[in-house]
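Chain by chain, the residues run as shown.
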Amino acid sequence: MTRRKGVILCLVGLALAIGVVVTLRNPSFYVQKGMTYDEVEIVLGHQLNGMRPVSLEDGNWTGLWPGPTGIIDVRFDSGNRVRESPNSVRRVMNWIGL
């Protein structure tokens, strides 16, 4: 293996390692589809405002939590269960079956 290929391989490995660490440090990664409101509150802490804006059509609502890079919005169904994970990496992992 040439020196250039070795350097490129090391840089790619370093970038992947940094990406994994950043993803796992984000608390929204641990919110999964089907979790209850109480389980989400254990993972993310208390909501920003204690209000629950509810959709009149189907009873769905969105909870807002402070996150490390902004606001984390979690969508719940009428049974107070998470409709889909707020983290895009978690959604891709679910899509491919991991």
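Residues numbered from 1 in each chain as written. Predicted model: local features only at pLDDT ≥ 70, side-chain atom pairs only at ≥ 80, totals over all residues. Heavy atoms only, no water.

The next subject is helix α2 (residues 37–44). When we look at burial in α2, the residues that qualify are Tyr37, Val40 and Leu44. In an axial view of α2, the angular spread of the buried residues amounts to 60°, which keeps them on one side of the axis. Exposed and facing more than 90 degrees away from the buried side of α2 are Asp38 and Ile42. Summarising the contacts, the buried residues of α2 are in contact with β1 (61–67) and β2 (70–76). Backbone geometry just after α2 places Gly45 at a positive phi near 90°. (Buried < 20%, exposed > 50% of the residue type's maximum accessible area, 1.4 Å probe, protein only. Helix = DSSP H or I, 4+ residues; strand = E, 2+ residues; numbered from the N terminus. Arc of directions from axis to C-beta. Contact = heavy atoms within 4.5 Å.)

Moving on to the pairing of β2. One ladder, built from seven bridges, connects β1 with β2; its direction is antiparallel. Bridge pairing links Trp65 to Ile72 in β2. Where β1 folds back on β2, the antiparallel hairpin that results is connected by two residues. (Pairing = 2+ DSSP bridges.)

A few words on a nonpolar patch on the surface. Side chains of Val7, Leu11, Leu14, Ile18 and Val22 sit close together on the surface and give an oily, nonpolar patch of about 470 Å² of accessible area. Structurally, Ile18 is set in helix α1 (residues 3–25). With a relative accessible area of 49%, Ile18 lands in the partly exposed category. (Patch = residues over 30% accessible without salt bridge, like charges linked within 9 Å, V, L, I, M, F, W, Y side chains within 5 Å. Areas by Shrake-Rupley, 256 points an atom, 1.4 Å probe, with all protein chains shown as cover. Salt bridge = Lys/Arg side-chain N within 4 Å of Asp/Glu carboxyl O.)

Applying the stated criterion to the full structure yields five aromatic pairs. Ring centres 6.0 Å apart and planes at 40° place the aromatic pair Tyr37 and Trp65 in the tilted group. With a gap of 28 residues between them, Tyr37 in helix α2 and Trp65 in strand β1 connect regions that are remote in the sequence. Take Trp65: its relative accessible area is 0%, and that puts it in the buried class. Cluster of aromatic residues (ring-pair linked, three or more members): Tyr37, Trp61, Trp65 and Phe76. (Phe/Tyr/Trp six-rings, centres within 6.5 Å; stacked < 30°, edge-to-face > 60°.)

Turning our attention to empty space enclosed by the protein. If you walk through the whole model with that rule in mind, you get one cavity of 30 Å³ or more. Taken together, Asp73, Val74, Arg75, Glu84, Ser85, Pro86 and Arg91 form the lining of the largest cavity. Ranked by residue count, the leading element in the lining of the largest cavity is β2, at three residues. Each residue belonging to the lining of the largest cavity can be placed in one class, and the counts come to two nonpolar, one polar and four charged. (1 Å grid on protein atoms, 1.4 Å probe; cavity = no way out; pocket = protein on both sides within 12 Å on 5 of 7 lines; lining within 4 Å. Points joined across faces, edges and corners; volume = space filled by probe spheres on them. Nonpolar A, V, L, I, M, F, W, Y, C, P; charged D, E, K, R; others polar.)

Another aspect to go through is the environment of Asn87. Position of Asn87 among the secondary structure elements: in the loop between β2 and α3 (88–96). Given a relative accessible area of 7%, Asn87 falls into the buried group. When the C-alpha atoms of Asn87 and Val74 are compared, they prove to be 9.3 Å apart, with 13 residues separating the residues in sequence. Non-local contacts of Asn87, meaning those with residues more than four positions away in its chain, are made with Asn26, Ser28 and Phe29.

Purely geometric stuff here, so don't read any function into it on its own.
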